[in-house]
Amino acid sequence: MEDRNTPKRVTRRRVRTRARLLDAAFAVFAAKGFGRVSIEEVCEAAGFSRGAFYSNFATLDELFFALYRERADLIADQVADALAQDGPDLDVPASVERVTEVLLLDVDWLLVKTDFLVHAARDPDVARALLDHRARLRRAVADRLSRARGHTELPAVLGDADGAAHAVVAAYDGVTTQLLLDRDVEAARAWLGQLLTALLTDGSRTPPREHRRVSTDA
């Protein structure tokens, strides 16, 4: 007789169903906006019934967090890998160049993330969960900066490694806001590289690579 306390085995079919629901939700959220999409629309886009949805997610919020977790974990891992390539020293311009290549996501993802941020701002429980997810990216940056201390000097104005990590993520948030408006990915990469290099050095180092001059208009 099966033990009721034994967790249900996750089948390959369920994994595929969950992945299709996530992919469909991403497309629908990007096209219509989070908060303007129903569970039925996600199911229709995925080709599944409501039963398939509820066997994987309790709410659209839960589905979004699964989407966000996948993206946030991927970015945090990529950032950690990019920052780990210099050994104990931290070649700031080179590291900034690598990080800017992985930090910026596609505009559709930024649209979805921004919609959900507005939603979370009105719901304290959702906001706390979103803050927990955002903290992982900051921890990846802070951990690398902490290991570089004593080998690479950071501007004193940033305080400790956690303060520097907050500044890095804030710079990313600001640049991606501009990207949502002008859709100029290359300009956003260039501006982010210049901004991060200025933040993490005394401003006298050469930017990570030659870029065309970018607009700083908000």
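Numbering of residues starts from 1 in each chain and follows the order in which that chain's sequence is written. Selection of residues for local features in this predicted model requires a pLDDT of at least 70, selection of side-chain atom pairs for listing and counting requires 80 or more, and totals for whole chains, interfaces and linings are taken over all residues. With hydrogens and water stripped out, all remaining heavy atoms of the structure feed into the side-chain values.

Undergrad: Can you help me understand the nonpolar core in this one?
TA: Grouped burial of nonpolar side chains is what soluble globular proteins tend to show. Core analysis: the largest hydrophobic core is formed by 33 residues, its most contacted members being V79, L103, L145, L192 and L200. At the level of secondary structure, the elements contributing two or more residues to this core comprise α4 (60–83), α5 (92–103), α6 (107–121), α7 (124–148), α8 (161–182) and α9 (185–200). Counting from the N terminus, the helices are DSSP H or I runs at least four residues long and the strands are E runs at least two residues long. Residue contributions to this core peak at 11 residues, all from α8. By the convention used here, residues are in contact when the closest approach between their heavy atoms is within 4.5 Å. In contact with L200, other than residues within four places in its own chain, are V92, V96, E153, L154, P155, L158, A164 and V168. Residues L21, F29, L63 and L67 belong to the second largest nonpolar core, which totals 30 residues. We call a set of buried Ala, Val, Leu, Ile, Met, Phe, Trp, Tyr and Cys residues a nonpolar core when their side-chain atoms join them within 4.5 Å. Throughout, exposure labels follow a simple rule: accessible area from a 1.4 Å probe, protein chains only, divided by the maximum for the residue type, with under 20% read as buried, over 50% as exposed, and the rest as partly exposed.

Undergrad: Would you explain the pattern of salt bridges in this entry?
TA: Think of it this way: side chains of opposite charge can pair up when their charged atoms draw near. In what follows, salt bridge is the name for a side-chain nitrogen of Lys or Arg lying within 4 Å of a carboxyl oxygen of Asp or Glu. Under the defined criterion, the tally for this structure stands at six salt bridges. A salt bridge links D173 to R134, with the shortest nitrogen-to-oxygen separation between them at 2.7 Å. Of this pair, D173 sits in helix α8 while R134 sits in helix α7; the two residues are 39 residues apart in sequence, bridging distant segments of the chain. The structure contains a network of salt bridges with shared partners spanning E101, E186 and R189.

Undergrad: When you look at the confidence of the model for the chain in this model, what are you seeing that I'm missing?
TA: The predicted coordinates ought not to be read in detail in places where the model reports low pLDDT. Confidence of the prediction at every residue is given by pLDDT, a number between 0 and 100. On average, residues of the chain score 80 in pLDDT, and 83% of them are at 70 or above. In the model of the chain, α5 stands out as the element of lowest mean pLDDT, 80, in contrast to helix α2 (residues 39–46), which has the highest, 96. Contacts for the low-pLDDT stretch residues 204–218, under 50 throughout, to residues beyond four places or in other chains number 26 contacts.

Undergrad: For this particular structure, what's the right way to read the packing of α8 against α9?
TA: The interhelical angle for the contact between α8 and α9, taken along N-to-C directions, is 155°, at an axis separation of 10 Å. The orientation of α8 relative to α9 falls into the category roughly antiparallel. As α8 runs across α9, the sense of the crossing is right-handed. Touching A164, A167, V168, A171, Y172, V175 and L179 of α8 are V185, A188, W191, L192, L195, L196, L199 and L200, all from α9. Note on residue categories: nonpolar means Ala, Val, Leu, Ile, Met, Phe, Trp, Tyr, Cys or Pro, charged means Asp, Glu, Lys or Arg, and polar means any other residue, Gly included. Grouping the constituent residues of the contact of α8 with α9 by class yields 15 nonpolar, no polar and no charged. Here an axis means a line fitted to C-alpha atoms, over the contact stretch when the element is a helix, while the angle between two N-to-C directions is reported on a 0 to 180 degree scale. Note that the term roughly parallel is reserved for angles under 35 degrees, roughly antiparallel for angles over 145, roughly perpendicular for angles of 65 to 115, and oblique for everything else. By convention the crossing between two helices is left-handed if the near helix lies anticlockwise of the far one by an angle smaller than a right angle, and right-handed if it lies clockwise.

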